[in-house]
Amino acid sequence: MEAGGRIVREYSGFLPCSRLAGRHILRCEHLRDIPGEGFSPYRVEPEFTHQIWLWYRTNAEPDRLNLVFRGQFNFTLADHTEDWVAAEVTDFLAEMLWEAKQLKHVTRNDQSDTFWIRTVATKLQNLAGEQP
């Protein structure tokens, strides 16, 4: 796990279900401007606070980065900072990836975007329900 600069959380390595196929990278970035960075973060709509990326590299093509998912989200919840929410969501996704039993959701397919968006939305609902 790593964090710093634009990155709120990053996990990378081999997942048990894909150990022989390749390694994955899960990254959550905030979308705020960083003074001195020289460019604005890539964003689609101004209401989003964070972006989550999920990639993998196969052992057969270690120099090629394959996108599984990229989504932008608003991680604003009362009583919590946006970065705290982003970290909680990313930690949850990392745990899910670690426990995955099959490659269906750890590689790109027709349902990848829907699956990951729903997973993030469910975690956000759970976090909102935990608030005092």
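Everything discussed here concerns the structure shown above.
What counts, and where the lines are drawn
Residues numbered from 1 in each chain as written. Predicted model: local features only at pLDDT ≥ 70, side-chain atom pairs only at ≥ 80, totals over all residues. Heavy atoms only, no water. Salt bridge = Lys/Arg side-chain N within 4 Å of Asp/Glu carboxyl O. Buried < 20%, exposed > 50% of the residue type's maximum accessible area, 1.4 Å probe, protein only. Core = buried A, V, L, I, M, F, W, Y, C linked by side-chain atoms within 4.5 Å. Helix = DSSP H or I, 4+ residues; strand = E, 2+ residues; numbered from the N terminus. Contact = heavy atoms within 4.5 Å. Phe/Tyr/Trp six-rings, centres within 6.5 Å; stacked < 30°, edge-to-face > 60°. Pairing = 2+ DSSP bridges.

Asks: Can you help me understand the pattern of salt bridges in this one?
Replies: Where charged atoms from two side chains of opposite charge approach closely, those side chains can pair. Tallying each qualifying case throughout the model produces six salt bridges. The salt bridge involving Asp 113 is made with Arg 108; its shortest N-O contact spans 2.8 Å. We classify Asp 113 as partly exposed; its relative accessible area is 31%. Judged by relative accessible area, which is 40%, Arg 108 ranks as partly exposed. One connected set of salt bridges, linked through shared partners, spans Glu 10, Arg 27 and Glu 29.

Asks: Would you mind going over the nonpolar core with me for this structure?
Replies: Nonpolar side chains in soluble globular proteins generally cluster together in the buried interior. Grouped together as the largest cluster of nonpolar side chains are 25 residues, with contacts concentrated most on Ile 52, Phe 75, Val 89 and Val 120. Elements supplying a minimum of two residues to this core: strand S3 (22-30), strand S4 (50-58), strand S5 (66-73), helix H1 (82-99) and helix H2 (112-129). By residue number, the principal contributor to this core is H1, which donates seven residues. Those residues in contact with Ile 52 that sit more than four places away from it in its chain are Leu 26, Arg 27, Cys 28, Phe 69, Arg 70, Gly 71, Phe 73, Phe 75, Val 89, Thr 90, Leu 93 and Val 120.

Asks: It is not clear to me how the packing of aromatic side chains should be interpreted in this structure. Could you clarify?
Replies: The way to describe two aromatic rings as a pair is by their centre distance and the angle between their planes. All told, the structure shown has four aromatic pairs when counted by the stated rule. With 5.1 Å between their ring centres and 15° between their planes, Trp 53 and Trp 55 make a pair best called stacked. Trp 55 shares its class with Trp 53; the two are buried. Each ring, one from Phe 115 and one from Trp 116, has its centre 4.9 Å from the other, and the planes form 85°; the classification is edge-to-face. With relative accessibility at 3%, the residue Trp 116 sits in the buried group. Members of the aromatic cluster, connected to one another through ring pairs, are Phe 69, Phe 73 and Phe 75.

Asks: Hey, could you run me through the side chain of Asn 66 in this one?
Replies: When you line up the elements, Asn 66 lands in strand S5. Those residues in contact with Asn 66 that lie beyond four places of it in its chain are Leu 54, Trp 55, Tyr 56, Arg 57 and Thr 58.

Asks: Which parts of the structure should I look at to understand the pairing of S3?
Replies: Along a regular strand, successive side chains alternate from one face of the sheet to the other. Burial of S3 is extensive: seven of the nine residues sit out of reach of the surface. As paired elements, strand S2 (residues 7-13) and S3 share six bridges and run antiparallel to each other. Its bridge partner lying in S3, Gly 13 is registered against His 24. Pairing geometry for S3 and S4, over nine bridges, is antiparallel.

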